[in-house]
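# Chains, contacts and geometry: an overview
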Amino acid sequence: MAALAEGSLEPAARGAAIQHVSSCTLCRQAVASVAKALDDGPITHEIQVVEGHRRRSVSFLRVALPLAAAAVIVVLLRAPAGDSPVHRGPPPPPAATPILRSPVGVVAAVGQMQWTHVDGAELYRLTLFDVSSRVVFTAAVADTLLILPDSVGLVPNRTYLWKVDARIGFDRWAASELAEFSVAGSRRQ
């Protein structure tokens, strides 16, 4: 592999090696890796230093390059298959999303907002929208209940939408469906 990558393989052996490498993905990757290493500045410098001492240590290169090629092959054989590593798992199943409990529909007042627990969730992010999709309020809590602050003024007979996202892993969120509600009669009590 090293001789093929370096270009020092004899013509007869080179043809057979190229024919094999063209049909073997693993060997093709090994040759490319060795060629890249041989083209690297610090490695090239070390090879030149070694070649300068070649008279004293010709056997070093005969051993070192095949060992380097063998190490590359071992690393490639142990590397996981596939084009790229998987950083994320599959999306959560539909059952692993919060279900919004209250408020839903027409309600007399809104003092708190409540939803179901999601296994593995460490944080919940609630977002409250008005009917024009403008965010009215947002908060993050660790519980499945949020006491709506008095500063959030809900207008009677106006429609509001809300949702909850449950954080189930690093940068992984499970989103609830949107729920609609409106406050009947007077302002929030």
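Data block above holds the structure.
Let us look at the structure shown here. As the structure is a prediction and not an experimental result, all values here were calculated from the model.

This part covers the overall build of the chain. When its secondary structure is counted, the chain shows 5 helices and 9 strands. Beginning at the N terminus, the succession of helices and strands in the chain can be written as α-α-α-α-α-β-β-β-β-β-β-β-β-β. Among the 189 residues that make up the chain, the fraction classed as buried is 29%. Summed over all atoms, the accessible surface of the chain reaches about 12,400 Å², with 57% contributed by carbon and sulfur.

Bringing the nonpolar core into the picture now. Formed by 24 residues in total, the largest nonpolar core has its most connected members in Met-113, Trp-115, Leu-128, Leu-154, Trp-162 and Phe-181. When residues of this core are traced back to their parent elements, those giving at least two are strand 3 (112-115), strand 4 (123-130), strand 5 (135-141), strand 7 (159-169) and strand 9 (179-183). Take this core: its biggest share by element is 4 residues, from strand 7. Not counting residues within four places of it along the chain, the set of residues in contact with Met-113 comprises Ser-102, Pro-103, Leu-126, Leu-128, Thr-144, Leu-145, Leu-146, Leu-148, Trp-162 and Phe-181.

To continue, consider the pairing of strand 4. Of all 8 residues in strand 4, 6 are buried, a share of seventy percent or more. Relative to strand 7, strand 4 runs antiparallel, the two being bridged by 8 bridges. Pairing of Asp-130 across the sheet is with Tyr-160, part of strand 7. Sheet topology note: the strand 4/strand 5 ladder contains 6 bridges and is antiparallel. Residue pairing in the sheet places Thr-127 in a bridge with Thr-138 of strand 5. Adjacent in sequence and paired antiparallel, strand 4 and strand 5 are bridged by 4 residues, among which Ser-133 carries a positive phi angle near 70°.

Thresholds applied
Residues numbered from 1 in each chain as written. Predicted model: local features only at pLDDT ≥ 70, side-chain atom pairs only at ≥ 80, totals over all residues. Heavy atoms only, no water. Helix = DSSP H or I, 4+ residues; strand = E, 2+ residues; numbered from the N terminus. Buried < 20%, exposed > 50% of the residue type's maximum accessible area, 1.4 Å probe, protein only. Areas by Shrake-Rupley, 256 points an atom, 1.4 Å probe, with all protein chains shown as cover. Core = buried A, V, L, I, M, F, W, Y, C linked by side-chain atoms within 4.5 Å. Contact = heavy atoms within 4.5 Å. Pairing = 2+ DSSP bridges.

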